[in-house]
Amino acid sequence: MKRITLFLSLALLAACAKPQPQAFQVIPMPADVTVSDGAFNVKGVAIAVDPALDKLSQKAVGRFVSALETATGVKTKSGEGGISFVLNPNLAAEQYAINVKADGAVVEASALNGFVYACETLKQMLPAAIYGSAKAKADWVLPYVSILDQPRFSYRGMHLDPCRHFWTIEETKRYLDVMTAYKLNRFHWHLTEDQGWRMEIKAYPRLTEVGAWRNGTVIKKDWGSNDGIRYGGFYTQDELREVVAYAAERGITVIPEVDLPGHMVAALTAYPELGCTGGPYEVWTRWGVAKDILCAGNDRIFTFLEGVLTEVMDIFPSEYIHIGGDECFSGDAEPGRPDPWDVCPKCAARMRSLGIKKGPEAKHLLQNYVTDRVQAFLNAHGRKIIGWDEVLEGNLSEGATVMSWRGVAGGIKAAEKGFDAIMTPTSYMYFDFYQSQERDKEPFGIGGHQPLENVYSYEPFDGLKPGTEDHILGVQANLWTEYIATPEHLEYMLLPRMCALSEIQWCAADKKDYERFNASLEHTFQMLDAMGLNYSLDCRGLIGLDRQPARTTEELEEYLAKKDWGW
Ligand code: ACM
Ligand code: ZN
């Protein structure tokens, strides 16, 4: 026994004497990695930045260096022999290479995204405290490693709904920070809804004066209730631009959504003349799908939409603008009431003038007409549309991209018809679903069951007709917030499921491995702790918001004191 203790102590001493790299637990797992014995010390290391790097790439490297200095508590120096960031035009825009040997680390990329991802991989290979904001004692070494990495899909999205519940600019930036850590590159911002319009439009000020505020919110999950508390908020155009710029510096494109012609009750409340009945309307105070939508028979809606979209294009430089298109005729909140488009004389006249015959297809063809006119307007300004998969019903015009949410069928059908598609099926990619089956221990989800392993198991090419794979631009998860009112809850729903999403988006199908991924989560949990983010430990059998394992006692006490989460 004594001899074993002595042996263990010696082994421990030896280990302490030589700084040890942590296990290689990078998420998403890089495409090509060779780790060898040895480690390179980066405390106070020399940093060399190729002057050929563009401004934003230099800024990304600067953020890495500053995180390193904060976490190690030691300033870096400039010069060779430490970490060198080098422009390599032979690499693709999202590709990067890292080589760490005894004589230093060389990081190569050709553009901003490559440098951002290289820096995130460097950070994940270091102790998790690099994601924190304080000096930490740790082995500040990188493993000797050779990495050549690039993503599987060009569209790696995460969605956020600030309409059902509002998220501040700072909260939104934190969301972008965690997307950056896992190499996502598209932020789908769902900015308009029945329950609130969230974006300043100067030509239509009532959208935010009136449409951004609702007279109360459903209490817990009782759809018949209303807490009577005025609720809302919106982003000024300066704030929207600030988020666009913040995202762009991290290689993320913000794709704004103006959901039309449905999900428009907040806009109708502000401008009732745009609806079939003329109102009055009230910013929706309940969940579910409203029946009132824009009147397709009224040309004023196109003046309105073109005015709104002109400002949207000015704020958001993205190639794609999301125009929604979902749930125009599935209004479930007013049983017995006909769809306004079925009884509106103006919509009937429009159908007649378009030669649309009565029947089950009629409303879809009328929706097509609206989609088409908006698409033509955006195309004329050099933009493309994305629509939820309902836009496929009828005759969708060339050049549209379909976001497949009602399962995978929409994406498969779109690809077969020659449209590009983004896969975001409810069956895998709805992060407002519960993570465990023990719902009484979980914070609210909208319903369903979406455990981490199920998310991870998604293969975006399953079911596709061979030869149509190139139409799948990528994958996205959606986070709707009817039942999510606090950042802690939002983070709980997001993480670690977004980490699983990142491997679907980034890793080749044969590189995915749930066991390896699951083991790597240990490091991710430390990272998230260092970033001060909440996350679910359902995958470890610790269910619910209250488990909070890694908080300090003080933080835990503060957290518990304000724990009236409303469920
Ligand atoms: C959706 O979830 N209504 C796109
Ligand atoms: Zn109408």
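In case you missed it, the structure is sitting above this.
Asker: Just give me the short version of the coordination of the zinc ion (ligand 2), but keep the residues and values in it.
Answerer: Metal coordination angles have textbook ideals: 109.5 degrees for a tetrahedral set of four donors and 90 or 180 degrees for an octahedral set of six. The zinc ion (ligand 2) binds to the protein through Cys276 (SG), Cys295 (SG), Cys344 (SG) and Cys347 (SG), with metal-donor distances spanning 2.3 to 2.4 Å. Bound by 4 donor atoms, the zinc ion (ligand 2) shows angles of 108 to 111° at the metal and therefore tetrahedral coordination geometry.

Asker: How would you summarise the nonpolar core if you had to cite specific residues and measurements?
Answerer: Nonpolar side chains in soluble globular proteins tend to be buried together. If you look at the biggest cluster of nonpolar residues, it comprises 158 residues, and the most contacted ones within it are Phe85, Met158, Trp197 and Met498. The leading source of residues in this core is helix H8 (residues 300–315), at 9 residues. Setting aside residues up to four positions removed in sequence, phenylalanine 85 forms contacts with Ile47, Ala48, Val49, Asp50, Leu53, Val61, Phe64, Val107, Phe115, Cys119 and Leu122. In terms of nonpolar packing, the next biggest core, distinct from the first, is built from 12 residues, Tyr155, Tyr320, Ile386 and Met403 among them.

Asker: Lay out the side chain of glutamine 476 with the relevant residues and their values.
Answerer: With respect to the helices and strands, the residue glutamine 476 is situated in strand S21 (residues 472–477). Polar contacts involving the side chain of glutamine 476 include one to the side chain of tyrosine 155, which spans 2.7 Å. Within polar-contact distance, the side chain of glutamine 476 engages the side chain of asparagine 478 at 2.8 Å. When near neighbours in sequence (up to four residues on either side) are disregarded, glutamine 476 contacts Tyr155, Gly157, Met158, His159, His188, Met403, Ile422, Met423, Thr424, Met429, Leu501 and Gln505.

Asker: Report on the side chain of threonine 481, specifying residues and quantitative values.
Answerer: Turning to its location among the elements, threonine 481 is positioned in the loop between S21 and helix H15 (487–494). Residue class for threonine 481 comes out buried when judged on its relative accessible area of 0%. In this structure the side chain of threonine 481 is engaged in a polar contact, spanning 2.8 Å, whose partner is the backbone oxygen of aspartate 161. The residues touching threonine 481, leaving out its near neighbours within four places in the chain, are Leu160, Asp161, Arg164, His165, Trp167 and Leu490.

Asker: Report on the pattern of salt bridges, specifying residues and quantitative values.
Answerer: Tallying each qualifying case throughout the model produces 30 salt bridges. Note that glutamate 94 is salt-bridged to arginine 156, the shortest N-O span being 2.7 Å. With glutamate 94 in the loop between strand S4 (83–87) and strand S5 (96–101) and arginine 156 in strand S8 (residues 155–160), this residue pair connects regions lying 62 residues apart in the sequence. Look at arginine 156 and you get buried, because its relative accessible area is 0%. The partner of arginine 174 in a salt bridge is glutamate 491, and the shortest N-O contact between them spans 3.9 Å. Here glutamate 491 lies in helix H15 and arginine 174 lies in helix H4 (residues 169–181), a separation of 317 residues in the sequence. Within the structure, one salt-bridge network assembled from shared partners comprises Lys59, Arg63, Asp177, Glu249 and Arg250.

Asker: Go over the environment of alanine 530 with me, naming the residues and quoting the values.
Answerer: Within the secondary structure, alanine 530 sits in helix H17 (residues 514–530). Measuring from C-alpha to C-alpha, the distance between alanine 530 and alanine 128 comes to 6.7 Å, with 402 residues separating the pair along the chain. Residue contacts for alanine 530: discarding those within four places in its chain leaves Ala128, Ala129, Tyr131 and Gly132.

Asker: With reference to specific residues and values, describe the sheet that holds strand S2 (residues 46–49).
Answerer: Reading across the sheet, the 7 strands line up as S1-S7-S5-S6-S4-S2-S3 and stay open at both edges, with mixed pairing between neighbours. This sheet does not close on itself; its edge strands, each paired only once, are strand S1 (32–41) and strand S3 (77–78). Inspection of the sheet shows S5 paired to strand S7 (residues 141–149) by 5 bridges, in the antiparallel sense. Paired with tyrosine 96 across the strands is aspartate 149, a residue of S7. Lying on the sheet, helix H3 (residues 112–125) is in contact with S4, S5, strand S6 (104–109) and S7; it crosses S5 at an angle near 40°.

Asker: Quick rundown of the pairing of S8? Include the residues and the values.
Answerer: Within a regular strand, side chains alternate between the sheet's two faces. By the criterion of burial, S8 is predominantly enclosed, with 6 of the 6 residues buried. Taking every second residue as pointing to the same face, both faces of S8 are buried, with Tyr155, Gly157 and His159 on one and Arg156, Met158 and Leu160 on the other. Bridge count between S8 and S21: 4 bridges; the pairing is parallel. Note that in S21 the partner of glycine 157 across the bridge is glutamine 476. In this sheet, strand S9 (residues 186–190) lies alongside S8 in parallel orientation, the contact comprising 4 bridges. For glycine 157, the partnering residue across the bridge sits in S9 and is arginine 186. You can see the chain leave S8, run along H4 and come back into S9, and the turn it takes is right-handed.

Each value, and the rule that gives it
Residues numbered from 1 in each chain as written. Chains lettered and ligands numbered in written order. Predicted model: local features only at pLDDT ≥ 70, side-chain atom pairs only at ≥ 80, totals over all residues. Heavy atoms only, no water. Donors = N, O, S within 2.8 Å, 3.2 Å for Na, K, Ca; no water. Tetrahedral: all angles 85-135°; square planar, octahedral: opposite > 155°, others 65-115°. Core = buried A, V, L, I, M, F, W, Y, C linked by side-chain atoms within 4.5 Å. Buried < 20%, exposed > 50% of the residue type's maximum accessible area, 1.4 Å probe, protein only. Helix = DSSP H or I, 4+ residues; strand = E, 2+ residues; numbered from the N terminus. Contact = heavy atoms within 4.5 Å. Polar contact = N/O pair within 3.5 Å; in protein donor to acceptor, adjacent residues only side chain to side chain. Salt bridge = Lys/Arg side-chain N within 4 Å of Asp/Glu carboxyl O. Pairing = 2+ DSSP bridges. Axes fitted to C-alpha atoms, helices over the stretch in contact; angles between N-to-C directions. Right-handed = clockwise from strand over helix to strand, strands pointing away.

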